[in-house]
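Given next are the chains, with one letter for each unit.
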Amino acid sequence: MNEAYTRVRKARNNSRPTGGEYIDGICDGFIELHGDRRFGDDPAVIGGVANLGEMPVTVIAIEKGKTARERSKRNSGAPNPEGYRKALRLMKQAEKFGRPIICLIDTSGAYCGIGAEERGQGQAIAENLMEMSTLCVPVVSLVVGEGGSGGALALAVADRVWMLENAVYSVISPEGCASILWKDAKRADLAAESLKLTAADALRLGVVEQVVSEEDMGSEGFFDRIRTLLQDELRELLQDPDLVSKRYQRFRGIGSDLVEEA
């Protein structure tokens, strides 16, 4: 097993903190808000208002759950369209009241069931991409486990995108890629290496700005460290008058250095 697929397995490990645990660990006074005001409430996406230290924020997390019962309730962290619409509703609310936004990402991808497609899964993701690109408040997204395809990107059009050191971020799962290319999901380790999905790869390619150490993961010190990093970053972003244009240039510029080198 190569290093890339080893990190995929670590990103999927059930012992890692879930999105809800990150909210509890880094925020105080979290008030969860429910529903997309169109169809229903998606338990795979949790979000609401909280305090990051003394800073009011809107925080949104994809929640996988840990036990079999929790994973069933949370659809193993595979959001339906109403999950993304709920997230967007909370982001627009945050913009109205001038609150910075924190997104915590851990999903193998958006749910691809018939019901999700009938309710506009693709449109919901596309709307998030478009609307997040023009938000007038700072957005920081942190990939804490799996960052799978559009399901992750729908919460990652941010001013800063960070990854934990054993998180992965990819357009498709290694198993899905191997099934398409070689008709054999057992070659997932080879696909993982080719996909360049590790945090180190994403940093080198300019997809993320920072790789966060997993030292003492899940401990109070671990969450304190992430809280401090987020506070410092958001304070700096709040002072930037050109937030939207710089966010646009961030995404327009991804890969440009590699093209110039070629």
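Given the structure is predicted, the values throughout are model-derived calculations rather than measurements.

Definitions and cut-offs
- Residues numbered from 1 in each chain as written.
- Predicted model: local features only at pLDDT ≥ 70, side-chain atom pairs only at ≥ 80, totals over all residues.
- Heavy atoms only, no water.
- Salt bridge = Lys/Arg side-chain N within 4 Å of Asp/Glu carboxyl O.
- Helix = DSSP H or I, 4+ residues; strand = E, 2+ residues; numbered from the N terminus.
- Buried < 20%, exposed > 50% of the residue type's maximum accessible area, 1.4 Å probe, protein only.
- Pairing = 2+ DSSP bridges.
- Contact = heavy atoms within 4.5 Å.

1. Some words on the pattern of salt bridges
- Within the structure shown, the criterion is met by 17 salt bridges.
- A salt bridge links Lys 64 to Glu 146, with the nearest nitrogen and oxygen atoms 2.8 Å apart. With Lys 64 in the loop between β3 (55–62) and α3 (68–73) and Glu 146 in strand β5 (residues 139–148), this residue pair connects regions lying 82 residues apart in the sequence. No difference in accessibility class separates Lys 64 from Glu 146, as the two residues are buried.
- Among the salt bridges present, the one from Glu 131 reaches Lys 92, with a minimum N-O distance of 3.4 Å.

2. Observations concerning the pairing of β3
- Most of β3 sits out of view: seven of its eight residues are buried.
- The pairing of strand β2 (residues 45–52) with β3 spans eight bridges and is antiparallel. Bridged to Asn 51 within β3 is Pro 56.
- Note that β3 and strand β4 (residues 101–107) share four bridges and pair parallel. Bridge pairing links Thr 58 to Ile 101 in β4.

3. Quick look at the environment of Ala 158
- With respect to the secondary-structure elements, Ala 158 resides in the loop between α7 (149–153) and β6 (160–164).
- Residue classification places Ala 158 among the buried positions, given a relative accessible area of 0%.
- Measuring from C-alpha to C-alpha, the distance between Ala 158 and Gly 20 comes to 20 Å, with 138 residues separating the pair along the chain.
- Ignoring anything within four residues of it in the chain, the contact list for Ala 158 reads Val 139, Val 140, Ser 141, Arg 247, Arg 250 and Phe 251.

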